[in-house]
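# Working through the structure, step by step
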Amino acid sequence: MRNLERIATLELQKARNRIDRETQEKLQATLTMPRGGQMEHAKLMIQLNDAEAMCHEYAQIWQNLLEEQNGGYLTRENVKFILRKVGAVIATRKTSLMNQRIRLASAAGEIARRMQAVLAGINTDLELRISRQEAFPKKEKVMEAERPNINVTIHSAANVNLGTQVGTINAALSAISEQGGSSQEVVKALKGLTEAVVKNTRFQDEEKRETLEVIEEITKQAESKPELRSLGKIKALIAGLHTLVAANADLTALWTQYAPVVKHFFLSR
């Protein structure tokens, strides 16, 4: 569990950096608004959205880690563990928001309501996940035999720092493979591309990390329900990945092979 705690902390920090950047940009935009209740309310909503996003990210991080540890399954104890972890984060963010000088009479009530709703929503999502696994146990076992070997091996000690990104991609691919059908093809494609990036000798570590980050975001989109995916973001990620590998002949050839599979998976649904 100690190793999982370390991975979760690193993943959360990465998510925090991304969300904080987005939040600061949004808060900066409020400076053009007239001072008063409208500005204060806008700031509060941005900060609450930031807190909600962090809590959902943390819950998803632990869900991915525990499912990977359990061979694709969550247990009731896992759910209780995740809710305790997220509950602690929610309590901290709630206290932090309450301590800010927000000139808005409704702020305290809004903060309490939104933070309570976050935990309730995460609990519902986890319960649905558990219920689905309990409702279709035989189907899950059959699918397990059909899944490709999706573990991505890091072949060089020099690439040990890529382990966190590879672990996140593995967890997402495990979840995607449970979808069955055509999802197996996109799992193989993203797995093959990840392995190729990790092993590539022409890429510097920073280039590998940047490329794996894009692959990681693509796997997260693929893991999400179709109605929750952002088509605009997916197209931008695919275009960005093409740009990143364009100067590397080996990766360009591989991406040319896998790109149609990835595009078909997203655009045909």
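Reference entry: report on the structure contained in this document.

About the criteria used
Throughout, residues of each chain are indexed from 1 in the direction in which the sequence is written. Reporting of local features is limited, given that this is a predicted model, to residues whose pLDDT is at least 70; pairs of side-chain atoms are given and counted only at 80 or more, and all residues count toward the totals for whole chains, interfaces and linings. Each side-chain value is derived from all of the structure's non-hydrogen atoms; neither hydrogens nor water enter the calculation. Numbering goes from the N terminus for both helices and strands, where a helix is a DSSP run of H or I of at least four residues and a strand is a run of E of at least two. A 1.4 Å probe rolled over the protein chains alone gives each residue an accessible area, and that area as a share of the maximum for its type sets the label: buried under 20%, exposed over 50%, partly exposed in between. Pairs of residues are marked as contacts when any of their non-hydrogen atoms sit within 4.5 Å. For the area figures, the Shrake-Rupley method with a 1.4 Å probe applies, and any residue is considered shielded solely by the protein chains shown. As a rule, the C-alpha atoms of each element are fitted with a line to give its axis, helices using only the stretch in contact, and angles between N-to-C directions run from 0 to 180 degrees. Orientation is classified from the angle alone, with under 35 degrees giving roughly parallel, over 145 giving roughly antiparallel, 65 to 115 giving roughly perpendicular, and any other angle giving oblique. Note: crossing handedness is left-handed where the near helix turns anticlockwise from the far helix by less than a right angle, and right-handed where it turns clockwise. Each residue is assigned to one class: nonpolar for Ala, Val, Leu, Ile, Met, Phe, Trp, Tyr, Cys and Pro, charged for Asp, Glu, Lys and Arg, and polar for all the others, Gly among them. Only Phe, Tyr and Trp rings take part, Trp by its six-membered ring, and two of them pair if their centres are within 6.5 Å. Stacked means planes under 30 degrees apart, edge-to-face means over 60, and tilted covers everything else. Multiplying 1.5 Å by the residue count of a helix minus one yields the expected span of that helix. Here a polar contact is recorded for every N or O atom pair within 3.5 Å, except that within protein the pair must consist of a potential hydrogen donor and a potential acceptor, and residues adjacent in sequence are included only if both atoms are side-chain atoms.

Counting secondary structure elements, the protein chain contains ten helices and zero strands. Reading the helices (α) and strands (β) of the protein chain from amino to carboxyl end gives α-α-α-α-α-α-α-α-α-α. When burial is assessed residue by residue, the protein chain has 44% of its 269 residues classed as buried. Taking contacts inside the protein chain between residues at least 6 apart in sequence as the whole, the part at least 24 apart equals 73%. Counting every atom, the protein chain has about 14500 Å² of accessible surface; 53% of that belongs to carbon and sulfur.

Now for the packing of helix α1 (residues 2-29) against helix α2 (residues 37-69). Where α1 contacts α2, the axes come no closer than 9 Å and their chain directions differ by 155°. Regarding the angle of α1 to α2, the classification is roughly antiparallel. α2 is crossed by α1, and the crossing has right-handed handedness. Of the residues assigned to the contact of α1 with α2, the class counts are 15 nonpolar, two polar and nine charged.

Geometry of an aromatic ring pair is reported as the spacing of the ring centres plus the angle between the planes. This model, assessed by the stated rule, comprises two aromatic pairs. Residues W62 and F81 carry aromatic rings whose centres are separated by 4.9 Å and whose planes lie at 80° to one another, so their mutual orientation is edge-to-face. A residue pair is termed long-range when its members are at least 10 positions apart, and W62 in helix α2 and F81 in helix α3 (residues 76-98) qualify at 19 residues. Given the relative accessible area of 0%, W62 is considered buried. Here F265 and F266 contribute two aromatic rings whose centre-to-centre distance is 5.2 Å and whose plane-to-plane angle is 80°, an arrangement assigned as edge-to-face. Of the two residues, F265 and F266, both sit in the buried class.

Attention shifts here to α3. Look at α3: 32 Å from first C-alpha to last across 23 residues, which is about the 33 Å you get at 1.5 Å a residue. Every buried residue of α3 is listed here: N78, V79, F81, I82, L83, V86, V89, I90, R93 and L97. Where the residues of α3 are buried, they touch α1, α2 and α4 (107-135).

This brings us to the environment of K235. Relative to the helices and strands, K235 resides in helix α9 (residues 231-245). Residue class for K235 comes out partly exposed when judged on its relative accessible area of 49%. Sequence-wise, K235 and L267 are 32 residues apart; in three dimensions their C-alpha atoms are separated by 9.6 Å.

This next bit is on the side chain of N248. When you line up the elements, N248 lands in the loop between α9 and α10 (249-267). Using a relative accessible area of 2% as the deciding quantity, one classes N248 as buried. Of the polar contacts made by the side chain of N248, one reaches the side chain of N200; its length is 2.9 Å. Excluding residues within four positions of it along the chain, N248 makes contact with N200, R202 and F203.

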